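Breakdown of the fold
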Amino acid sequence: MNTILIAIIVANILISFKGFNDLLFFRKYEFHIGSIRAGEQLRMVSSGFLHADIGHLFFNMFTLYMFAPVVTHYLDSFSFLLIYAGSLIFGSLLTLLFHKDDYSYRAVGASGAVTGILYSAILLQPDMNLYLFFIPIPIPAYVFGIGYLLYSIYGMKAKSDNIGHTAHFGGAIGGYVITIIKEPSMLTDNTLMVILLAIPIIILFVMAKMGKL
């Protein structure tokens, strides 16, 4: 297994378990709009290594473990780290943008970074199939990616749960943009897939411009 991937997973586990057992630590480093706007920008990164519970941690790390090898295979370890870190930042920035006036907004989790890796993997290997435990047939990765982001738009609009849908979306944008910058040839070699995966991103910003979110 890739050394950088192991280091990221270990860091997530150690910091998350520290947060599980130390509420003051958790509150100090979680994503919190009021604190970030007061100058605590470190939270925009540190929150990406905290998780709400073991299930949340396991789901993110398992997804990362499954899709990271695709990115490292087609690119390299440094590019994987760049996409992971960039997607984490994109997720935090988009969350800050959309919730800047909600000073009580809080969030934790590596979901933005992990979604960036997921989206990068789909761009790099769009013909791969995903097997979800509750659906007995294979699902094309690009169908899952588009559906996932459309669901995230719905979640952002509905505000009916505690999931950080905005971070998911920001992470996907980060993974999409950085991967294309690293592999610009896919704009001509895989034009249709690049366009298809851009559709949810365009929808998000059109809805935001129209005040629908």
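Structure: above.
A short tour of the structure in this document, coming up. Bear in mind that the values here come from a model prediction, so they are computed numbers and not experimental data. (Residues numbered from 1 in each chain as written. Predicted model: local features only at pLDDT ≥ 70, side-chain atom pairs only at ≥ 80, totals over all residues. Heavy atoms only, no water.)

1. Quick notes on the packing of aromatic side chains
Aromatic rings in a pair are described by how distant their centres are and how their planes are angled relative to each other. Counted according to the given criterion, the structure contains six aromatic pairs. With a centroid separation of 5.7 Å and an interplanar angle of 15°, the aromatic rings of Phe-58 and Phe-62 are classed as stacked. Taken together, the residues Phe-58 and Phe-62, both in helix α5 (residues 54-74) and four residues apart, mark about one turn of the helix. Classification of Phe-58 by relative accessible area gives exposed; the value is 55%. Of note, Lys-18 hangs over the ring of Phe-25, and the distance from its end group to the ring centre comes to 5.7 Å. (Phe/Tyr/Trp six-rings, centres within 6.5 Å; stacked < 30°, edge-to-face > 60°. Helix = DSSP H or I, 4+ residues; strand = E, 2+ residues; numbered from the N terminus. Buried < 20%, exposed > 50% of the residue type's maximum accessible area, 1.4 Å probe, protein only. Lys NZ or Arg CZ within 6 Å of the ring centre and 35° of its normal.)

2. Remarks on the side chain of Ser-16
Note that Ser-16 resides in helix α1 (residues 3-21). A polar atom in the side chain of Ser-16 sits 3.0 Å from the backbone oxygen of Phe-49. Reaching out from Ser-16, the side chain makes a polar contact with the side chain of His-51 at a distance of 2.8 Å. Not counting residues up to four positions away in its chain, the partners in contact with Ser-16 are Phe-49, Leu-50, His-51 and Leu-57. (Polar contact = N/O pair within 3.5 Å; in protein donor to acceptor, adjacent residues only side chain to side chain. Contact = heavy atoms within 4.5 Å.)

3. Quick look at a nonpolar patch on the surface
Side chains of Leu-42, Val-45, Ile-89 and Leu-93 sit close together on the surface and give an oily, nonpolar patch of about 330 Å² of accessible area. In this fold, Leu-42 is placed in the loop between α3 (33-37) and α4 (43-46). (Patch = residues over 30% accessible without salt bridge, like charges linked within 9 Å, V, L, I, M, F, W, Y side chains within 5 Å. Areas by Shrake-Rupley, 256 points an atom, 1.4 Å probe, with all protein chains shown as cover. Salt bridge = Lys/Arg side-chain N within 4 Å of Asp/Glu carboxyl O.)

4. A word on helix α7 (residues 111-124)
Compared with an ideal rise of 1.5 Å per residue, which puts 14 residues at 20 Å, α7 spans 20 Å between its outermost C-alpha atoms and is within 8% of the ideal. Of all the 14 residues making up α7, 14 are buried; the element is thus mostly covered by neighbouring parts of the structure. (Expected span 1.5 Å × (residues − 1).)

5. Considering helix α6 (residues 77-99)
Under the 1.5 Å per step criterion, the end-to-end length of α6 is 33 Å for 23 residues, consistent within 8% with the ideal 33 Å. Among the residues of α6, Ser-79, Phe-80, Ile-83, Tyr-84, Gly-86, Ser-87, Leu-88, Gly-91, Ser-92, Leu-94, Thr-95 and His-99 are the ones counted as buried. The backbone nitrogen of Phe-78 has a side-chain oxygen 3.2 Å away, supplied by the residue at the start of α6, namely Asp-76.

6. Thoughts on the nonpolar core
Residues Leu-64, Tyr-84, Phe-169 and Tyr-176 are the most contacted members of the largest nonpolar core, which totals 48 residues. Where this core is concerned, the elements lending two or more residues are α1, α5, α6, α7, α8 (141-158), α9 (165-182) and α11 (191-209). The element contributing the most residues to this core is α7, with nine residues. Listed in part, the five residues of the second largest apolar core include Phe-31, Ile-36, Met-44 and Tyr-105. (Core = buried A, V, L, I, M, F, W, Y, C linked by side-chain atoms within 4.5 Å.)

7. A closer look at the pattern of salt bridges
Summed over all chains, the structure comprises five salt bridges. Across the pair Lys-18 and Asp-22 runs a salt bridge whose closest N-O atoms are separated by 3.2 Å. In this structure Lys-18 comes out as partly exposed when scored by relative accessible area, which is 41%. Notably, a salt bridge pairs Arg-27 with Glu-30, separated by 3.0 Å at the nearest N-O pair. Classification of Arg-27 as partly exposed rests on a relative accessible area of 39%. A cluster of three or more residues bridged by salt bridges with shared partners is formed by Arg-27, Glu-30 and Arg-106.

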